[in-house]
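# Summary of the model geometry
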Amino acid sequence: MSVNFLHLRSFYAVASERSVSKAARRLNISQPTLSKQLKALEDRYKVKLIEGMRPPLTLTTAGRALYEKAERLFGIADEIGQLLGEDDIDSGALLRLGTDSPPYAAEFMAAFQAAVPGAHFRVTIANAVQTNELLLKAQVDIGIICEPPVQNDYTYAPLYQDRLVAIVPAAWPDDNARALPLERISQEVVLVREATSRTLAAMNRLLADAGIAPGRTMEFHTREMIREAVAHGLGISLMFAKECPPDERIRVLPLETSSSLIDVKGYLAVRTERKRMPLIRQSLDIARALSGRA
């Protein structure tokens with residue numbers, strides 16, 4: 001029994017978008033037609049692939065397994081198209097991006113849209129561990145990640161460099177301080193991210209190397225909440241410099257240290273099996289161009 005590739009592509013679009021309406025727009029067909037093709041696939045093989053009526057739709061166990069196979073299949077089809085000279089990025093192409101570094105993701109998106117004016121984006125903000133998991137499950141096409149774990153089946157392109165700085169309330173007692181001595185961190189309430197955060201990992205490495213233990217800590221799960229808490233005098237925090245937009249309620253101080261451990265690097269990560277796809281290849285080229293400009 002041969003597979004109906006039209007029905008399989010319809011399933012793949014719905015599974016990628018987790019929405020029939022978005023998948024229909026992506027394929028430029030009507031929602032009823034798409035739903036009919038998806039049902040025909042399920043009926044033919046007597047298997048349930050997608051659950052739920054409203055987005056985000058959920059893949060069944062069989063649906064997840066089929067999605068992984070379909071992604072490989074269409075990835076190879078795209079590579080064959082490139083081999084035969086089909087190298088253009090479709091108008092209205094969707095690039096799914098996961099990131100733990102929103103400022104750098106926005107900079108990348110602006111550069112990508114300048115190169116591919118018709119491109120669309122779907123962005124998922126998560127920490128580094130979660131972003132890597134999204135890539136692994138093929139729920140995003142690319143990841144912009146701070147110091148990602150190295151995996152053999154991934155391709156990485158350097159994208160940015162950043163460094164840790166201190167943020168303190170505008171009314172902090174040391175009005176004339178031009179830098180924050182690391183030792184001061186042991187005397188303060190330090191506002192930190194969750195345990196899987198790369199920011200927290202970088203701070204812990206720096207302090208451990210200096211033999212300093214932070215004072216009392218308070219955990220928050222977003223940068224925005226930490227900035228608000230600092231602005232209201234709940235403590236101080238360490239962040240990467242790019243994550244500190246101007247705010248009259250907050251002062252940004254460099255750290256008084258010569259340690260290279262305050263420096264971090266961010267990368268654009270993709271699954272190696274997909275790196276020849278036009279969208280992915282364009283993403284890698286833009287990342288390298290941005291990195292070379294820094």
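Read on for a plain summary of the structure. Just so you know, these numbers come straight off a predicted model, no measurement behind them. (Residues numbered from 1 in each chain as written. Predicted model: local features only at pLDDT ≥ 70, side-chain atom pairs only at ≥ 80, totals over all residues. Heavy atoms only, no water.)

Among the nonpolar cores identified, the biggest contains 46 residues, and Phe108, Ile144 and Leu255 are the most heavily contacted of them. If we ignore the near neighbours within four places in the chain, the residues touching phenylalanine 108 are Leu95, Leu97, Ile142, Ile144, Leu268, Ser283, Ile286, Ala287 and Leu290. The next biggest cluster of nonpolar side chains, apart from the first, holds 19 residues, and it includes Phe11, Ala13, Leu34 and Phe74. (Core = buried A, V, L, I, M, F, W, Y, C linked by side-chain atoms within 4.5 Å. Buried < 20%, exposed > 50% of the residue type's maximum accessible area, 1.4 Å probe, protein only. Contact = heavy atoms within 4.5 Å.)

To locate leftover empty space, one rolls a probe as large as a water molecule over the atoms. In this model, the second largest pocket occupies a volume close to 280 Å³. The wall of the second largest pocket is formed by 18 residues, among which Ser16, Glu17, Arg18, Arg122 and Gln139 lie closest to the centre. Within the residue set of the lining of the second largest pocket, elements represented by two or more residues are α1 (5-17), β3 (94-99) and β4 (120-125). Broken down by element, the residue count for the lining of the second largest pocket peaks at three residues, all from α1. Of the residues that constitute the lining of the second largest pocket, the class distribution is nine nonpolar, four polar and five charged. (1 Å grid on protein atoms, 1.4 Å probe; cavity = no way out; pocket = protein on both sides within 12 Å on 5 of 7 lines; lining within 4 Å. Points joined across faces, edges and corners; volume = space filled by probe spheres on them. Helix = DSSP H or I, 4+ residues; strand = E, 2+ residues; numbered from the N terminus. Nonpolar A, V, L, I, M, F, W, Y, C, P; charged D, E, K, R; others polar.)

Bringing the environment of leucine 206 into the picture now. Within the secondary structure layout, leucine 206 lies in helix α7 (residues 198-210). Here leucine 206 falls in the buried class, since its relative accessible area comes to 1%.

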